[in-house]
Amino acid sequence: MSRRVVGVTLDNLEHLSKHSRTCVFWELAPHLREQAEEYGDTEFEKEAWVSSVLLEWGSCGRIIYCDGIPAGSAFYAPPAAVPRSAAFPTSPVSPDAVLMTSLEVLPEFRGGGLARVLVQAVAKDLTRRGVKAIEAFGDMRPDDEERSCVTPAEFLTSVGFKTVRPHPRWPRLRLELRSAITWKEDVEAALERLLNSVTVSTAEPSFRPV
């Protein structure tokens, strides 16, 4: 099975699941979300949010494809761009962190490690942009209402997040980006340094005349 991860753009929003296209749990303050769900167009609101964040900050999401089929997505943004984050009892998010708001893998693709791949893709993007950490609000009881809007705390801890502010329902967790690099990347980087040093040492041989 081939896997490919790309950034979310206005051109590929249609590749998101129906839930991800219409969920504005994070993107709007609670009262505005209720109004949008009752009277408005939540898909339009989500597109407007993505457009605004892309313009003002840059990439704010990742889509993963398996054999060319959209299988899941993750969204992230500065806390100031995520109105709902202020409503959590364990807010605010640390000033040096970006908030990962949502992570979804479609049911038929679960169990294959795709959620972990998405987290790694988010980490790589933010590391390149100089961000020090990712934070997320976890759900300690993901079987209850809002389970699809808040990432289960158990999953977050399984991929390296550490609790920075505990709560019986909504803990805030943090992933230091320097620890998000996989062992495979560490090995590849070490091999590259080794090969470079070998190239340098053999490129300028020194021979003494006899």
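In the block above lies the structure referred to throughout.
What counts and how
- Residues numbered from 1 in each chain as written.
- Predicted model: local features only at pLDDT ≥ 70, side-chain atom pairs only at ≥ 80, totals over all residues.
- Heavy atoms only, no water.
- Phe/Tyr/Trp six-rings, centres within 6.5 Å; stacked < 30°, edge-to-face > 60°.
- Helix = DSSP H or I, 4+ residues; strand = E, 2+ residues; numbered from the N terminus.
- Buried < 20%, exposed > 50% of the residue type's maximum accessible area, 1.4 Å probe, protein only.
- Lys NZ or Arg CZ within 6 Å of the ring centre and 35° of its normal.
- Core = buried A, V, L, I, M, F, W, Y, C linked by side-chain atoms within 4.5 Å.
- Contact = heavy atoms within 4.5 Å.
- Pairing = 2+ DSSP bridges.
- Expected span 1.5 Å × (residues − 1).
- Axes fitted to C-alpha atoms, helices over the stretch in contact; angles between N-to-C directions.

Caption draft 1: Highlighting the packing of aromatic side chains. Scanning the entire structure with this criterion turns up 8 aromatic pairs. An angle of 15 degrees between the planes, with centres 6.1 Å apart, marks the rings of Trp26 and Phe137 as stacked. Of this pair, Trp26 sits in the loop between α1 (18-22) and α2 (30-39) while Phe137 sits in strand β5 (residues 133-137), and the two are 111 residues apart along the sequence. On the accessibility criterion, Phe137 (1% relative accessible area) is buried. The rings of Phe25, Trp26, Phe88, Phe137 and Trp170 are connected pair by pair, giving a single aromatic cluster. Stacked on the ring of Tyr65, the Lys or Arg Arg4 has its end atom at 4.6 Å from the ring centre. When the ring centre of Phe75 is taken as origin, the NZ or CZ atom of Lys46, which lies over that ring, is 4.6 Å away.

Caption draft 2: Broad picture of the nonpolar core. Counting 27 residues, the largest nonpolar core has Met100, Leu126, Ile134 and Phe161 as its most contacted members. Those elements that provide at least two residues to this core are β2 (61-66), β3 (69-77), β4 (97-105), α4 (114-128), β5 and β7 (172-176). If we ignore the near neighbours within four places in the chain, the residues touching Ile134 are Val98, Met100, Val122, Ala123, Leu126, Phe161, Leu173, Arg174, Leu175 and Leu177. Counting residues in hydrophobic clusters, the runner-up holds 25 residues, among them Val8, Leu16, Ile63 and Leu99.

Caption draft 3: Expanded view of the pairing of strand β6 (residues 162-165). Pairing analysis gives 3 bridges linking β6 to β7, with the strands arranged antiparallel. From the neighbouring strand, Arg165 faces β7, where its bridge partner is Arg172. Connecting β6 to the antiparallel partner β7 that follows it, the hairpin turn spans 6 residues.

Caption draft 4: Summary view of α4. Between its terminal C-alpha atoms α4 stretches 21 Å, which fits the 21 Å expected from 15 residues at 1.5 Å a residue. Within α4 the residues assigned to the buried category are Leu114, Ala115, Leu118, Val119, Ala121, Val122, Ala123, Asp125 and Leu126. Of the residues one or two after α4, Gly130 is the one with positive phi, at around 85 degrees.

Caption draft 5: Spatial organisation of the sheet that holds β5. In space, the 7 strands of this open sheet follow the order β1-β2-β3-β4-β5-β7-β6, with mixed pairing throughout. Across the chains shown, the open sheet's two edge strands, defined by having one partner strand only, are β1 (3-7) and β6. Pairs of neighbouring strands in the sheet enclose a mean axial angle of 30 degrees, with direction left out of account. On the sheet, α4 packs against β1, β2, β3, β4, β5 and β7 and is oriented at approximately 140 degrees with respect to β2.

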